[in-house]
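Close look at the chain arrangement
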Amino acid sequence: GPGLEQLAGLPAGRDAADPLLESASLLDRRRIVEHRRQVLRDGRGEIEYRVVDPAGSQRWISERLWVRSDGERTVVDGIASNVTERVLITAELATARDEAERRARTDPLTGVNNRLHFSERLDAEIARVRRDGHPFGLILLDLDRFKQLNDRHGHLAGDRALVAVATRLGQRLR
C-alpha cells in the first residue's frame, strides 16, 4: 500500500511485489532474505536494515514479522517502522560514550594512559599471570628532579618536559 511505498522511498503507485526488499541496501538484502526464511521456520522475528530511495537517501527500517495459519494457508503479518532517528541517536551516544571512556583513561596533556587505565590493566595482567602462569614484569619510571624543574621554570616548562618524555617513550615502546 501507499504507506509501505512511502516507507520504502518509492514513488506512489509503483507496483512492487516487495517494496522494502526492493529498496533495501544491497549490503542488507541477503540478511533480510535469510531473516524472512527464519521467520517462516520460527514463527516470528525482528530485523533492522537500511533502505535507499531513488535519490540515494538512506533510512533505517525495523521490520517485525509473525506467522499465522488459518488451517488452509499460512500468512505472514508484519509491522515496518522508520527507526532512522533512533539508530542515529544510538550511534551518536555510542560514539560519545567511547570518547568519554577514552578521555577517562587518557591524560589530556600527554595523551598517554593514566592511572585509572594503569590500575585496570595491572589488575587484568595479575589475574592472567595467576590463571596462565606466564612471566610478568613491571617497569616504574621516575623523572629525577622534576619538581625542581616545575618550581624553577614554571608548570608550562614541566608540562613541555612531560610531553617530550611521553613522546619519546611512545616512539620507543609498543
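Being a predicted model, the structure only gives us computed values, none of them experimental.

1. A word on the confidence of the model for the protein chain
For the protein chain, the mean per-residue pLDDT works out to 91, and 98% of the residues sit at or above 70. Across the protein chain, the element-wise mean pLDDT spans from 79 in helix α1 (residues 2-8) up to 96 in strand β1 (residues 44-52).

2. What to know about the nonpolar core
Of all hydrophobic cores here, the largest spans 11 residues; its members are Leu7, Ala8, Leu10, Ala16, Leu20, Ala24, Ile32, Ile47, Tyr49, Val51 and Ile61. Looking at this core, the elements with two or more residues in it are α1 and β1. Ranked by the residues each element gives to this core, the list is headed by β1, at 3 residues. Among residues more than four places away in sequence, those in contact with isoleucine 47 are Arg31, Ile32, His35, Ile61, Ser62 and Glu63.

3. Brief notes about the pattern of salt bridges
Tallied over the full model, the rule gives 19 salt bridges. Its salt-bridge partner being arginine 37, residue glutamate 34 comes within 3.7 Å of it at the nearest N-O pair. Remark: arginine 37 and glutamate 34 occur in helix α3 (residues 29-42); sequence separation between them is 3 residues, near one turn of the helix. A salt bridge links aspartate 53 to arginine 59, with the nearest nitrogen and oxygen atoms 3.6 Å apart. Each member of the pair, aspartate 53 as well as arginine 59, carries the same accessibility label: buried. Put simply, Asp18, Arg36 and Glu63 are held in one network by salt bridges that share partners.

4. Some words on the side chain of threonine 84
As for its placement among the helices and strands, threonine 84 is situated in helix α4 (residues 84-104). Residues within four places of threonine 84 in sequence aside, it is in contact with Arg59 and Trp60.

5. Quick notes on the sheet that holds β1
One open sheet holds the 3 strands; their spatial order is β1-β2-β3, and the pairing between them is antiparallel. Among the strands making up the open sheet, the edge pair consists of β1 and β3 (74-82). Between one strand and the next, the sheet's axes are offset by a mean angle of 25°, whatever the strand orientation. In the sheet, strand β2 (residues 58-69) pairs with β3 via 9 bridges, with the strands oriented antiparallel. Bridge pairing links serine 62 to serine 81 in β3.

6. Here we look at the pairing of β1
Successive side chains on a regular strand alternate, one facing one side of the sheet and the next facing the other. For β1 and β2, the ladder comprises 9 bridges, and the chain directions are antiparallel. Across the sheet, residue valine 52 finds its bridge partner in β2, namely glutamine 58.

7. Overview of α3
Taking 1.5 Å of rise per residue, 14 residues should cover 20 Å, and α3 covers 20 Å from first to last C-alpha, within 8% of that figure. Here α3 has its buried residues at Ile32, His35, Arg36 and Val39. Each buried residue of α3 lies within a common arc of 100° when the element is viewed along its axis, so the set occupies one face. Every exposed residue of α3 that faces more than 90 degrees away from the buried side is listed here: Arg30, Leu40 and Arg41. Positive phi shows up at glycine 43, right after α3, with a value of about 95°.

8. Structural notes on unusual backbone geometry
For residues other than glycine, phi is negative in most cases, and the peptide bonds are mostly trans. The phi dihedral of arginine 145 falls on the positive side, at around 60°, and the residue is not glycine. Inspection of the secondary structure puts arginine 145 in the loop between α5 (115-132) and α6 (146-153). You can call arginine 145 exposed: its relative accessible area is 60%.

About the criteria used
- Residues numbered from 1 in each chain as written.
- Predicted model: local features only at pLDDT ≥ 70, side-chain atom pairs only at ≥ 80, totals over all residues.
- Heavy atoms only, no water.
- pLDDT = per-residue confidence, 0-100.
- Helix = DSSP H or I, 4+ residues; strand = E, 2+ residues; numbered from the N terminus.
- Core = buried A, V, L, I, M, F, W, Y, C linked by side-chain atoms within 4.5 Å.
- Buried < 20%, exposed > 50% of the residue type's maximum accessible area, 1.4 Å probe, protein only.
- Contact = heavy atoms within 4.5 Å.
- Salt bridge = Lys/Arg side-chain N within 4 Å of Asp/Glu carboxyl O.
- Pairing = 2+ DSSP bridges.
- Axes fitted to C-alpha atoms, helices over the stretch in contact; angles between N-to-C directions.
- Expected span 1.5 Å × (residues − 1).
- Arc of directions from axis to C-beta.

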